[in-house]
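Spelled out, the chains give:
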Protein chains: 2
Amino acid sequence: MSKLTDVPKRILIGRALRSDRLGETLLPKRVALPVFASDPLSSVAYAPGEVLLVLSVAGLSAYHFSPWIALAIVALMVTVVASYRQNVHAYPSGGGGYEVVTTNLGPRAGRTVASALLVDYVLTVAVSISAGVENLGSAIPFVVENKVACAIAVIVLLTLMNLRGVRESGTLFAIPTYVFVAGVFTMIAWGAFRGVVLGDEMRAATADFEIKPEHPGLAGFALFFLLLRAFSSGCAALTGVEAISNGVPAFRRPKSKNAATTLALMGLLAVTMFCGIIALAGATRVRMAENPATDLFHHGVPLGPDYVQHPVISQVAEAVFGQGSLLFLLLAGATALVLFLAANTAYNGFPLLGSILAQDRYLPRQLHTRGDRLAFSNGIVLLAGAAIVLVWVYGASTTRLIQLYIVGVFVSFTLSQIGMVRHWNRLLAVEKEQAKRRHMIRSRAINAFGAFFTGLVLVVVLVSKFTHGAWVALLGMCVFYVTMTMIRRHYDRVAEEVAAPEEPSDDMVRPSRVHSVVLVSRIHRPTLRALAYAKLMRSDSLEALSVNVDAAETRALHEEWERRGIEVPLKVLDSPYREVTRPVIEYVKSLRRESPRDVVSVFIPEYVVGRWYEQLLHNQSALRLKARLLFTPGVMVTSVPYQLQSSEVARRRARKRADWSAPGAVRRGPVERGSEQRSKGSSKDT
Amino acid sequence: MSKLTDVPKRILIGRALRSDRLGETLLPKRVALPVFASDPLSSVAYAPGEVLLVLSVAGLSAYHFSPWIALAIVALMVTVVASYRQNVHAYPSGGGGYEVVTTNLGPRAGRTVASALLVDYVLTVAVSISAGVENLGSAIPFVVENKVACAIAVIVLLTLMNLRGVRESGTLFAIPTYVFVAGVFTMIAWGAFRGVVLGDEMRAATADFEIKPEHPGLAGFALFFLLLRAFSSGCAALTGVEAISNGVPAFRRPKSKNAATTLALMGLLAVTMFCGIIALAGATRVRMAENPATDLFHHGVPLGPDYVQHPVISQVAEAVFGQGSLLFLLLAGATALVLFLAANTAYNGFPLLGSILAQDRYLPRQLHTRGDRLAFSNGIVLLAGAAIVLVWVYGASTTRLIQLYIVGVFVSFTLSQIGMVRHWNRLLAVEKEQAKRRHMIRSRAINAFGAFFTGLVLVVVLVSKFTHGAWVALLGMCVFYVTMTMIRRHYDRVAEEVAAPEEPSDDMVRPSRVHSVVLVSRIHRPTLRALAYAKLMRSDSLEALSVNVDAAETRALHEEWERRGIEVPLKVLDSPYREVTRPVIEYVKSLRRESPRDVVSVFIPEYVVGRWYEQLLHNQSALRLKARLLFTPGVMVTSVPYQLQSSEVARRRARKRADWSAPGAVRRGPVERGSEQRSKGSSKDT
């Protein structure tokens, strides 16, 4: 609660605070890594498992292929990371894939990428939270028995936190992320130590299960297709890599270099963890299946619908650290937490993307400026709502949700690499210097290979997953695409309609006269203030206007007007049916009828109140009148506010709201500081 | 859909229409009777039955008392009608009971009466529609099997009709009412003819049933109490009598005399029908019980829960006209229709009462003027919602709902008669002329007797029905009472706060200077218009203000400003965190800091759009800024509208809405026509 003493403090150190914030906001690499990379790093919690799940379709023998698949994924990760390092150097403004594609491939492709990214954000929330709930459930059985309810509860909690405006604090992110990374590395190291050096046999809890293959004896093309499916499931490990390219402005200087380094670091950690987990899963003989109820057998008996299949990372951790051990619980907790934080990145990335899209007029303009808490809130609620629907429909099952997830990711990867290739081509066309040209050719090669590889993966993903759920993601992308196109079309049409002409037109010819009309009902302070303010604005005529809805009140008004000797003439309109709006509108129109170039300025006294129910008791007729007046050409409406004492409450509330930390504020970085500019107009006119 | 050709027509015959309406609106007696008396006349559809139901508690023998109870009710009706005839002569302005009580007994009693009347309106809807459904159900079995659903459907239908603004046409009311009255009289006459002249024995369908008394052998005080209960149930026949006293202004001249005559006519019809039905019920041996499932027996077997007990009027009609005969169906239909129309009177009476209460500041002021469709709509929806809740909770059972109904009616009867007594006392204190004094003394005697009788009935009703449900009505009255008191207190407090002082104060000392600030973001037509309008209002300083949320846009703005040679100086504020509102507020405050008596006038260009979704795309930041500016002292905010082409749609829609017929408009009559008045101000200042 602000006290009076806060006010001078704010005045004194206001300016100082702002420079502090500027310094604070830029992130050092050690903080940027958790903030931006929690999504890709956390993906290793579920991606390896997805690979094994798909392979299980062909039976246990297919598990032999898992290392090869892991290798392919590593190759892909290296390619994508290398490609994006080119992005962050070439486009340091934080536009990310969207900017690259729009600049180089045109607005349609840009909209496609934007739709893919928007769908991605929704799925990031859905998938990460479902995975987090599954991981938490390996430690707390209750959670996994009520997966959907817990997942929705977590989504609601995150939504509320973001609505309130929790500052995306680096520390908040850093600790769980580093604990997670350290935990996984410890697990890999310890597992390697035990297995290789100590020779322990570590068995997962599922090591004794048999897998009944859905398609036994798969071979040839069918087997190859299955491997492709497994590979595309494993590509879930790459989701979120582009987040860093969106966040370059938030890095400390040199921004691009730091961002590129962070990318590389992230890639390294991710591939190491991925391979390590796959290896340990093989060593501890983890058995997983897509439909464990019917396809996993224990001593010849199917496990049945009560069996809960734990994520691979927790099965491995259990085998390495020991069942129920402290390290196991710690890792399970950190994994869940890091997955929830990864979901949170969507809440922060979304306004960022929304702001950029709004700047290009694909989304409502108020998303472009920070101050609009309401617009952001709406966006966050929409995001959460869509995620909740998905979680509910798909039963909070990570496996099923991932089928939707990867499409959007690879659309944006592919398009953005193709965009980069065109970028280098454009530069190469004009660049003469040899050293730079060699560098560009090298970069182009990297991006070209990246485009090829991710394009291939995109085709694989589309082909292998379309019927499994990818069509839902494509549908979502279409909806976003069409909406953005229509919004842009609307803004373009309006812009054309309101474009200022070069030649002076009717609009710009100065209107001849202005008539001021002050609406009065009774004589009280708001009325007197409105009259005083209206007199200040020296117009060609000034009169007070009242509507006769009650004969006694009107007589009293006349009498008091005379008694006080108010110099402004008072005109009373008749209204036999007690309406206020129509007589006033008619009168205003009549004022303009003789000279259509005249302008009428209507002054309306307005109570400023503090509580919502008070608003029901005041101003209602005035608001309705204002709305009708706005339709009348040649009219401007002035509200002369009178702040009631109760408005103090509302003022404090509004000020508190202004201190709200908009999500994504940290990631966007500050606006380029233009010096306080001033265009001096000619001194002809004040 | 208004075409352009409608516009001149409206201009030409606009004035003519208004005088026509004035003539049309005043009602002749033959139309006023159905409009105002449908409620009391329709009550005879259920009131006699309620008497029989209560009497059945003591067994069949108690039915002998029904004529005596009928007589008591007739006496009461005569008294109330005679008393209210005094009301309409003494208070012809249409304030009804509320006005009488407030003027003579003070505001607290007035609020009590108002609360009682408001509760009454809700119950009128609930009871009338439930009874209507029961009557309809005697002809159409489906309806009575789904009583609650049908009742709610009818309430919703009536609500929609009133929201749309169906004009309360006299013809709409007259036909069903006269058909109903004629039907009942025909039934009585025919029944008397058949029974007395032809000697037919007419037996009701229930004539063979036996009644198992809940309390056999009731005698002495207990029997007397039961008779009182039956009497107070029968008093439901009096509900709605005061409606005429509320509607005096709508009668043709001489208003009071016509209203009094209509009252007498209504009373006569009502008592005749009531007595006739009771007599026929006795003659045709109608048997009814409060719990027919357990208390009615046929050949010694209880009827069970599937038995549907039809209202007495339909049982009698069936016996007199013959089962399933045309006249029977006609009467059943007319009864249902007249009951639904009686419910509709609540929809029309409520805004009337609301307007009067708003005038006294017990309800939000916008209910006082006609034009506010939204406020009325809110009230109608609230009324309907409360009625639906009651219908649902009480299973659309007329018998159960009536227990709540009568309390409010008799509170308002009693208080209003007491008020009249004080009225005559006041007049008698100053009146000297003998003839007039005698007249007043006679009137006072009538009202005093009325007050005594109705007060007695009120006590009886409270005592006999409190536990049966009357407490719910009392609770509702308390809620209304408290709400109105608090609203009044709020308005009083605000009025005190804003009362204009006699001595010139700070507010009235003319502010020294006015600075005009025009908010611009880009240069387009709305901006140019705002600049042009701002220049018109000759203020002490004028500048354009923009906020730098995007460095490139701001640079472009500067360049174009210079290029066009706009004479108004442009000032750009920095905003590192992209907020628009805070920098503007700070700047406006800084303008006033040096001279606190200065006033800042902020001009904000505003798009006027046609469709709701377009509003999401424009003006959002402007609206938020406006709201914050209103909290800042010394500021007035001017909206300079720019009507987009799509706003034409909205303009037509708004005009259509303005033609809406407000419910109760007919009943309120027109406003006293004050001549178009004009207070000439001194010619010192324009």
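Residues numbered from 1 in each chain as written. Chains lettered and ligands numbered in written order. Predicted model: local features only at pLDDT ≥ 70, side-chain atom pairs only at ≥ 80, totals over all residues. Heavy atoms only, no water.

Per an unreviewed UniProt entry, the recorded name for chain A is APC family permease, and the organism is Streptomyces cathayae. In UniProt, chain A has this text filed under Subcellular location (unreviewed entry): "Membrane". (UniProt positions renumbered as here; feature names shortened; annotations may be inferred.)

Asker: Which parts of the structure should I look at to understand the overall build of chain A?
Answerer: The secondary structure content of chain A amounts to 25 helices and nine strands. Scored against the burial criterion, the 686 residues of chain A give a buried share of 59%. In chain A, the proportion of contacts linking residues at least 24 apart, taken out of those at least 6 apart, comes to 83%. Looking at chain A as shown, the accessible area adds up to about 28200 Å², and 62% of this sits on carbon and sulfur atoms. (Helix = DSSP H or I, 4+ residues; strand = E, 2+ residues; numbered from the N terminus. Buried < 20%, exposed > 50% of the residue type's maximum accessible area, 1.4 Å probe, protein only. Contact = heavy atoms within 4.5 Å. Areas by Shrake-Rupley, 256 points an atom, 1.4 Å probe, with all protein chains shown as cover.)

Asker: Could you clarify how one ought to interpret the sheet that holds strand β1 (residues 210-211) of chain B in this entry?
Answerer: In any sheet, the strands associate via hydrogen bonds between backbone groups, in a parallel or an antiparallel arrangement. Residues and elements named next belong to chain B. Reading across from one edge, β1-β2-β3 is the order of the three strands in this open sheet, with antiparallel pairing throughout. The open sheet terminates on both sides in strands that have one partner only, identified here as β1 and β3 (301-302). Inspection of the sheet shows strand β2 (residues 296-298) paired to β3 by two bridges, in the antiparallel sense. Looking across to β3, one finds that Phe-297 is bridged to Pro-302. (Pairing = 2+ DSSP bridges.)

Asker: Quick question: what am I supposed to make of the side chain of B:Lys147 here?
Answerer: Looking at where B:Lys147 falls in the secondary structure, it is placed in helix α8 (residues 147-164). One polar contact links B:Lys147 to B:Glu134, side chain to side chain, over a distance of 3.0 Å. (Polar contact = N/O pair within 3.5 Å; in protein donor to acceptor, adjacent residues only side chain to side chain.)

Asker: Explain the nonpolar core here, please?
Answerer: By size, the foremost hydrophobic cluster in this structure holds 153 residues, and its most contacted members are B:Ile129, B:Phe180, B:Met187 and B:Phe410. Here B:Phe180 is in contact with B:Leu41, B:Ser42, B:Val44, B:Met273, B:Ile313, B:Leu331, B:Ala334, B:Thr335 and B:Val338, once residues within four sequence places are set aside. In this structure, A:Leu52, A:Ala230, A:Phe274 and A:Val457 belong to the second largest nonpolar core, which totals 152 residues. (Core = buried A, V, L, I, M, F, W, Y, C linked by side-chain atoms within 4.5 Å.)

Asker: Before we go on, may I ask you to explain the sheet that holds strand β2 (residues 296-298) of chain A in this structure?
Answerer: Pairing within the open sheet is antiparallel, and its three strands lie in the order β1-β2-β3 (chain A). Unpaired on one side and paired on the other, β1 (210-211) and β3 (301-302) of chain A mark the two borders of the sheet.

Asker: Please clarify how a positive patch on the surface should be interpreted in this entry.
Answerer: On the surface, a cluster of positive charge is made up of A:Lys29, A:Arg85, A:Lys257 and A:Arg442. Looking at the element boundaries, A:Arg85 is found in helix α4 (residues 66-90). (Patch = residues over 30% accessible without salt bridge, like charges linked within 9 Å, V, L, I, M, F, W, Y side chains within 5 Å. Salt bridge = Lys/Arg side-chain N within 4 Å of Asp/Glu carboxyl O. Lys, Arg positive; Asp, Glu negative; His and termini not counted. Charge placed at Lys NZ, Arg CZ, Asp CG, Glu CD.)

Asker: What is the right way to look at the environment of B:Ser443 in this model?
Answerer: Residue and element names in this part refer to chain B. Following the sequence through the fold, Ser-443 ends up in helix α18 (residues 434-498). A sequence separation of 22 residues divides Ser-443 from Val-421, and the C-alpha atoms of the two residues are 8.5 Å apart. Excluding residues that lie within four positions of it along the chain, Ser-443 makes contacts with Gln-86 and Trp-424.

Asker: Looking at this model, I keep getting lost on unusual backbone geometry. Mind explaining?
Answerer: Excluding glycine, residues mostly have negative phi values, and the peptide bonds linking residues are mostly trans. Cis peptide bonds are those with omega within 30 degrees of zero, and the linkage from A:Arg253 to A:Pro254 qualifies with 0°. Structurally, the position occupied by A:Pro254 is in the loop between α11 (243-246) and α12 (255-283). Of note, the phi angle at B:Arg285 is positive, near 55°, even though the residue is not glycine. Tracing the backbone through its elements, the reader meets B:Arg285 in the loop between α12 (255-283) and α13 (292-295). The backbone phi angle of B:Arg361 is positive, close to 65°, even though this residue is not glycine.

Asker: Would you explain the pattern of salt bridges in this entry?
Answerer: Working definition: two side chains of opposite charge can pair if their charged atoms are close together. All names here are of chain A. Applying the stated criterion to the full structure yields 20 salt bridges over all chains. Between Arg-361 and Asp-492 there is a salt bridge, with the nearest N and O atoms lying 3.8 Å from each other. On the criterion of sequence distance, the pair formed by Arg-361 in the loop between α15 (326-359) and α16 (373-393) and Asp-492 in helix α18 (residues 434-498) is long-range, its members being 131 residues apart. Exposure remark for Arg-361: the relative accessible area of 28% places this residue in the partly exposed category. Taking the relative accessible area as the measure of exposure, Asp-492 reaches 32% and is therefore partly exposed. Of the charged contacts in the structure, one is a salt bridge between Glu-560 and Arg-564, with a shortest N-O distance of 3.1 Å. Taken together, the residues Glu-560 and Arg-564, both in helix α20 (residues 551-564) and four residues apart, mark about one turn of the helix. For Glu-560, a relative accessible area of 24% corresponds to the partly exposed category. Salt bridges linked by common partners bring Arg-361, Arg-488 and Asp-492 together as one network.

Asker: Looking at this model, I keep getting lost on the packing of helix α2 (residues 29-43) of chain B against helix α15 (residues 326-359) of chain B. Mind explaining?
Answerer: A pair of packed helices is characterised by two quantities: the angle between their axes and the separation of those axes. Residue and element names in this part refer to chain B. Across the interface, α2 lies against α15 with an axial gap of 8 Å and an inter-helix angle of 120°. Here α2 is positioned oblique relative to α15, judged by the angle of their axes. For the pair α2 and α15, the sense of crossing is left-handed. Contacts between α2 and α15 involve Val-35, Ser-38, Asp-39 and Ser-42 on the former and, on the latter, Val-338, Leu-339, Leu-341, Ala-342 and Thr-345. The class makeup of the residues in the contact of α2 with α15 is five nonpolar, three polar and one charged. (Axes fitted to C-alpha atoms, helices over the stretch in contact; angles between N-to-C directions. Parallel < 35°, antiparallel > 145°, perpendicular 65-115°, else oblique. Left-handed = near helix turned anticlockwise from the far one by under 90°. Nonpolar A, V, L, I, M, F, W, Y, C, P; charged D, E, K, R; others polar.)

Asker: Would you mind going over a nonpolar patch on the surface with me for this structure?
Answerer: On the surface, a cluster of nonpolar side chains totalling about 500 Å² of accessible area is made up of A:Trp190, A:Phe193, A:Val196, A:Val197 and A:Leu198. The topology assignment puts A:Val197 in helix α9 (residues 170-198).

Asker: So what exactly am I meant to see when it comes to the packing of aromatic side chains here?
Answerer: Across all of its chains, the model carries twelve aromatic pairs over all chains by this definition. Between A:Phe221 and A:Phe225, the ring centres sit 6.4 Å apart and the planes meet at 35°, which makes this aromatic pair tilted. Here A:Phe225 and A:Phe221 lie together in helix α10 (residues 220-234), a separation of four residues that amounts to about one turn. Residue classification places A:Phe221 among the exposed positions, given a relative accessible area of 65%. Consider the rings of B:Phe449 and B:Phe453, whose centres lie 5.7 Å apart with planes at 55°: the pair is tilted. Here B:Phe449 pairs with B:Phe453, and both are found in helix α18, just four residues apart, close to one helical turn. For B:Phe449, a relative accessible area of 47% puts it in the partly exposed group. Cluster of aromatic residues (ring-pair linked, three or more members): A:Tyr84, A:Phe410 and A:Phe413. Positioned above the aromatic ring of A:Tyr481 is the side chain of A:Arg111, whose terminal nitrogen or guanidinium carbon lies 5.2 Å from the ring centre. (Phe/Tyr/Trp six-rings, centres within 6.5 Å; stacked < 30°, edge-to-face > 60°. Lys NZ or Arg CZ within 6 Å of the ring centre and 35° of its normal.)

Asker: How should the packing of helix α4 (residues 66-90) of chain B against helix α17 (residues 398-430) of chain B be read in this particular structure?
Answerer: All names here are of chain B. Taken N-terminus to C-terminus, the directions of α4 and α17 make an angle of 50°; their axes are 11 Å apart at the nearest point. Viewed along their axes, α4 and α17 adopt a mutual orientation that is oblique. Taken as a pair, α4 and α17 cross one another with a handedness that is left-handed. Residues Leu-76, Val-80, Ser-83, Tyr-84, Gln-86, Asn-87 and Ala-90 of α4 pack against Phe-410, Ser-412, Phe-413, Ser-416, Gln-417, Met-420, His-423 and Trp-424 of α17. Counted by class, the contact of α4 with α17 contains eight nonpolar, seven polar and no charged residues.

Asker: Could you clarify how one ought to interpret helix α23 (residues 620-631) of chain A in this entry?
Answerer: Note: α-helices contain 3.6 residues per turn, so residues at a spacing of three or four share the same orientation. Helix length check: α23(A), at twelve residues, gives a terminal C-alpha distance of 18 Å against a target of 16 Å (1.5 Å per residue), a fit within 8%. Three or more residues of α23(A) are buried, namely A:Gln620, A:Ala622, A:Leu625, A:Lys626, A:Arg628, A:Leu629, A:Leu630 and A:Phe631. (Expected span 1.5 Å × (residues − 1).)

Asker: I would appreciate a short explanation of the state of the cysteines in the present structure.
Answerer: Cysteine pairs can be covalently joined through their sulfur atoms, and such a bond is termed a disulfide. All names here are of chain A. In the structure shown here, the tally under the stated rule is zero disulfides over all chains. Left unpaired, Cys-275 is separated from the closest cysteine sulfur, that of Cys-235, by 13 Å. On the accessibility criterion, Cys-275 (29% relative accessible area) is partly exposed. (Disulfide = S-S within 2.5 Å.)

Asker: Would you mind going over the confidence of the model for chain A with me for this structure?
Answerer: Fine structural detail should not be taken from predicted coordinates in areas where pLDDT scores are low. Residue and element names in this part refer to chain A. Counting all residues, the mean pLDDT for chain A is 81, and 87% of those residues have values of 70 or more. When the criterion is pLDDT under 50, residues 1-23 qualifies, and its contacts beyond four places in sequence or with other chains add up to ten contacts. Contacts from residues 672-686, a stretch scored under 50 in pLDDT, to residues over four places away or in other chains number 34 contacts. Interface scoring of the predicted complex returns ipTM 0.70; its pTM is 0.70. (pLDDT = per-residue confidence, 0-100.)

Asker: Quick question: what am I supposed to make of the side chain of B:Glu318 here?
Answerer: Residues and elements named next belong to chain B. When you line up the elements, Glu-318 lands in helix α14 (residues 312-321). For the buried Glu-318, which has no salt bridge, the nearest side chain bearing the opposite charge is Arg-194, at an N-O separation of 12 Å. With residues near it in sequence (within four places) discarded, Glu-318 still touches Ala-205, Gln-323 and Phe-328.

Asker: Quick question: what am I supposed to make of the environment of B:Pro596 here?
Answerer: Tracing the chain through its elements places B:Pro596 in the loop between α21 (581-594) and β7 (599-608). You can call B:Pro596 exposed: its relative accessible area is 57%.

Asker: Can you walk me through the environment of B:Val547 in this structure?
Answerer: Residues and elements named next belong to chain B. Along the polypeptide, Val-547 turns up in strand β5 (residues 541-548). In the structure, Val-547 is positioned 36 residues away from Pro-583 in sequence and 7.5 Å away in space, judged by C-alpha atoms. Discounting chain neighbours no more than four positions away, the residues touching Val-547 are Leu-573, Ser-575, Glu-579, Val-580, Pro-583 and Val-584.

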